Amino acid sequence: MVNNRSLAEDLKTRCKELGFVHVGIARAEELLEEGARLNAWLRNGFAGGMGWMGKREQERVDPGRVLPGVRSIVVVAMNYYTPASHSPEALKISRYAWGDDYHEVLGSRLTHVASWLENAVPGSSSRWYVDTGPVMEKAWAQRSGIGWIGKHATLITTTHGSWVFLGVLLTTAELMPDEPALDRCGTCTLCIEACPTKAIVDPYVVDARRCISYLTIEHRGELPAEFAGQLHGWIFGCDICQDVCPWNAKHSTETSEPAFSPREGMLNPDSAEIEDLDEVEFKARFRKSPLLRTRAEGMRRNIRAQQHGAGRAAHDP
Ligand code: B12
Ligand code: SF4
Ligand code: SF4
């Protein structure tokens, strides 16, 4: 019988060797409180056009519906911070998208973790996700002690701020769980005040319909008139609430992952060049980049929207 404490330690060592800066373990159970919050968020319409968020709600809340017999949830975090910054006058792409697509970078490592674990615990099965399945990754990250969900609704670590990607592995193996992380936002409200579109409608609650990240990446079709001139220079994602967070100011450390180094043109995107690309050229130009999500058409819309309005300076980092 494998000791579940030493197994957890060996697993963490393996994950660290693979480049994860944090690894935490939570006991697999239904997410009752978080599930109620997810339900309220969906009922309020805060998911906007992301219909896929509501489609598998029960699975999001109950990992047993995703992997029958699941006992433990392993959460990993990878640092993506680089000390680079946007050119002051350029349109802006958010930091998470400067390098290679994180789904692939984390996913290929989690495949190794899954086979390692299945070898270590014969008969066990596992399934991993990086933003790709019905799993509440931040909730599990908080429960596994990696960090807490800040008032801006991203997960913050005490060591690398919120500049981390998350991945989650569900396993039927029994592993010693960690203690959940404590909320360290205190009385701070900097992110809420800085959000230019007032998308953080309550502490910890983001109305995606107002969020520049959603509008530039996930929203399909024309932008709502209220926001078309309010993108504040962002053409893909938005980092304002994270840029103002004191935990990021104090704890950003350069990633050791070359995959997240800014690719050419990410800090000073050439809007004329991008606008000229057809869908096929766009796919080739941004191969294995998160930018592919908007397709050329979405990116053109975002660039056009910058010409609609002012409002770039006040909240720009
Ligand atoms: C949907 C989604 C979005 C949507 C909605 C954002 C959101 N806050 O949910 C949009 C498109 C806007 C978005 C944007 C971004 N996203 Co996103 N997104 C997701 C996704 C797929 C699901 C998140 C989710 O479940 N939302 C549903 C709502 C209900 O959950 P929630 O906001 O997390 O709310 C929870 C808490 O805030 C809390 N809560 C609510 N009320 C209260 C009250 C109190 C008192 C307390 C204590 C708590 C609390 O309870 C809720 C349930 O736990 C996850 C991947 C995944 N599968 O988990 C990535 C994910 C969250 N995104 C990620 C990233 C990087 C981003 C951006 C930073 C990208 C960018 N730079 O543009 C922005 C950040 C915007 C922001 N401020 O949140 C990363 C975040 C990494 C991290 N360190 O946290 C994730 C985890 C993907 C990954 N694998 O790395 N995203
Ligand atoms: S990502 Fe930008 S728009 Fe969205 S909540 Fe944060 S500051 Fe507001
Ligand atoms: S800016 Fe302040 S309130 Fe917002 S997430 Fe960071 S510490 Fe929490």
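For the structure itself, consult the block above.
Residues numbered from 1 in each chain as written. Chains lettered and ligands numbered in written order. Predicted model: local features only at pLDDT ≥ 70, side-chain atom pairs only at ≥ 80, totals over all residues. Heavy atoms only, no water.

1. A few points about the sheet that holds strand β1 (residues 22-27)
Read from one edge to the other, the open sheet built from 4 strands follows the order β1-β2-β7-β4, with strand pairing classed as antiparallel. Of all strands in the sheet, those bounded by a partner on one side alone are β1 and β4 (126-129). Taking each pair of neighbouring strands and ignoring which way they run, the sheet shows an average axis angle of 20 degrees. Looking at chain direction, β4 and strand β7 (residues 164-171) are connected through 4 bridges and run antiparallel. Along β7, the bridge assignment pairs Tyr129 with Val168. Packed on one face of the sheet, helix α1 (residues 4-17) meets β1 and β2 (72-79) and runs near 145 degrees to β1. (Pairing = 2+ DSSP bridges. Helix = DSSP H or I, 4+ residues; strand = E, 2+ residues; numbered from the N terminus. Axes fitted to C-alpha atoms, helices over the stretch in contact; angles between N-to-C directions. Contact = heavy atoms within 4.5 Å.)

2. Brief notes about the site of ligand 1
The environment of ligand 1 is formed by 35 residues, the closest being Glu137, Lys138, Leu155, Tyr204 and Ser213. Side-chain polar atom of Ser94 to a nitrogen atom of ligand 1: 3.5 Å apart, as the coordinates give it. One of the backbone N or O atoms of His152 is found 2.8 Å from a nitrogen atom in ligand 1. Counting residues per element, the ones that place at least two in the shell around ligand 1 are α2 (32-43), α6 (137-143), β7, β9 (205-206), α8 (212-218) and α10 (240-243). Looking at the shell around ligand 1, the element that brings in the most residues is α2, giving 4 residues. Its residues placed into classes, the shell around ligand 1 shows 21 nonpolar, 7 polar and 7 charged. Here the shell around ligand 1 gathers at least three residues from each of two domains, domain 1 (4-84 + 98-171) and domain 2 (190-306). (Near = heavy atom within 4 Å. Polar contact = N/O pair within 3.5 Å; in protein donor to acceptor, adjacent residues only side chain to side chain. Nonpolar A, V, L, I, M, F, W, Y, C, P; charged D, E, K, R; others polar. Domains from an automatic or database assignment.)

By themselves, these observations are geometric and do not establish any function.
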